[in-house]
Amino acid sequence: MSTFTSEWQDWKTRREADLAAPHGWLALVSLDWLTDTPREYPGIPGRWWQDADAAYVDPAGAALVHEDEPITDVRRFELVNSGAGTRVLAGDVEIEVARRSGYLIRVHDPKAEVLRAFHGIPAYAPSPSWVLPGRFEPFDEPRPTTVGAVVEGLSHVYTAPGVVRFSHGGASHALTAFNGKDGGLSILFTDATSGVTTYAANRSLPVGAPAADGSVTLDFNRAVNLPCAFTDFATCPLPPAGNHLPFAVEAGEKTPYERG
């Protein structure tokens, strides 16, 4: 096995282990949107509601814990729209609170059927031919960019710092990039395989931090599915307008077995 292939296999193993974490995306078993009326939700302890700014929970006698601290009175959660959520522990399950325009709660249960049945993610065989040089071109100012979601009527707003340009098959292509991890970028895209061999709505390509001259590397072998490819309880964003590649990216993750 070549070094390139073994490094990809190690990455894939880590990726699948993260996805199969006891309270990860595959452990989702429900999604409920909060209203301005305090109420209970099936199978979820406490009483939950929202207002224009925040979500709230009244434990109502239930044993709930947030950030290692028991919740003994009404707890307020003010979160960033389309940003990270926070989690409330209830026994062996975690109740995620997130803001997606309005507030939602969803339960991560380590006994979830999808999690128990998980046996990896189908993917194209890795190929160095899908490691392409590119160049990041920043906008004069980062642009707030509104995109749709897999949930009808929902939208997300992300900050786009610029575009990544690269060539394939003798043609030049440009993809709007969002901010990624550790100074890197994240690119949501579709291509000619979408809805055929790969998940129809989107895939995500992580890109390392640009070099001083803007050069980046696009390794499409590491294009991954978003959580919505595995579960109906995710609210994943769709790619920005123009982020469709007119050729088949036969690299990276394919449509999950769970959607087969």
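Cut-off values and rules
- Residues numbered from 1 in each chain as written.
- Predicted model: local features only at pLDDT ≥ 70, side-chain atom pairs only at ≥ 80, totals over all residues.
- Heavy atoms only, no water.
- Buried < 20%, exposed > 50% of the residue type's maximum accessible area, 1.4 Å probe, protein only.
- Helix = DSSP H or I, 4+ residues; strand = E, 2+ residues; numbered from the N terminus.
- Pairing = 2+ DSSP bridges.
- Core = buried A, V, L, I, M, F, W, Y, C linked by side-chain atoms within 4.5 Å.
- Contact = heavy atoms within 4.5 Å.
- Expected span 1.5 Å × (residues − 1).
- Arc of directions from axis to C-beta.

Caption draft 1: Fine view of the pairing of strand β3 (residues 44-50). For β3, the buried fraction is high: 5 of the 7 residues fall into the buried class. Pairing of strand β2 (residues 39-41) with β3, which is carried by 2 bridges, proceeds in the antiparallel orientation. In the sheet register, Tyr41 faces β3, and the bridge partner there is Ile44. Here β2 folds back onto β3 in antiparallel fashion, the turn holding 2 residues, of which Gly43 has a positive phi close to 75°. Here β3 runs beside strand β4 (residues 55-58); their pairing, made up of 4 bridges, is antiparallel. Opposite Trp48, over in β4, you have Val57 as the bridge partner. In textbook terms, the turn of a hairpin is the stretch between consecutive antiparallel strands, and for β3 and β4 this stretch comprises 4 residues.

Caption draft 2: Local environment of the nonpolar core. By size, the foremost hydrophobic cluster in this structure holds 21 residues, and its most contacted members are Leu19, Leu26, Cys228 and Phe230. Mapped onto this core, the elements with two or more residues apiece are β11 (131-148) and β12 (155-168). Residues in contact with Cys228, not counting those within four places in the same chain, are Val150, Tyr199, Asn202, Ala234, Cys236 and Arg259. Counting 20 residues, the second largest nonpolar core, distinct from the first, contains Trp130, Phe189, Leu205 and Leu245.

Caption draft 3: Local environment of helix α1 (residues 3-19). If you check α1, its first and last C-alpha atoms are 24 Å apart, about what 17 residues at 1.5 Å a residue would give, namely 24 Å. The complete set of buried residues in α1 reads Trp8, Trp11, Lys12, Arg15, Glu16 and Leu19. Viewed along the axis of α1, the buried residues span an arc of 135°, placing them on a single side of the element. Turned more than 90 degrees off the buried face of α1, the exposed positions are Thr3 and Asp18.

Caption draft 4: Focus on unusual backbone geometry. One non-glycine residue, Asp68, adopts positive backbone phi at about 65°. The topology assignment puts Asp68 in the loop between β5 (65-66) and β6 (69-70). With a phi close to 65°, Ser82 is a non-glycine residue in the positive phi region. One can find Ser82 in the loop between β7 (75-77) and β8 (86-90). Relative accessible area serves as the criterion here: at 10%, Ser82 is assigned to the buried category.

Caption draft 5: Broad picture of the pairing of β11. Pairing of β11 with strand β16 (residues 215-219) involves 5 bridges; the strand directions are antiparallel. When the bridges of β16 are listed, Arg135 appears paired with Ser215. Of the pairings in the sheet, the one linking β11 to β12 comprises 11 bridges and is antiparallel in character. Residue Gly134 lies in a different strand from β12, and its bridge partner there is Phe166.

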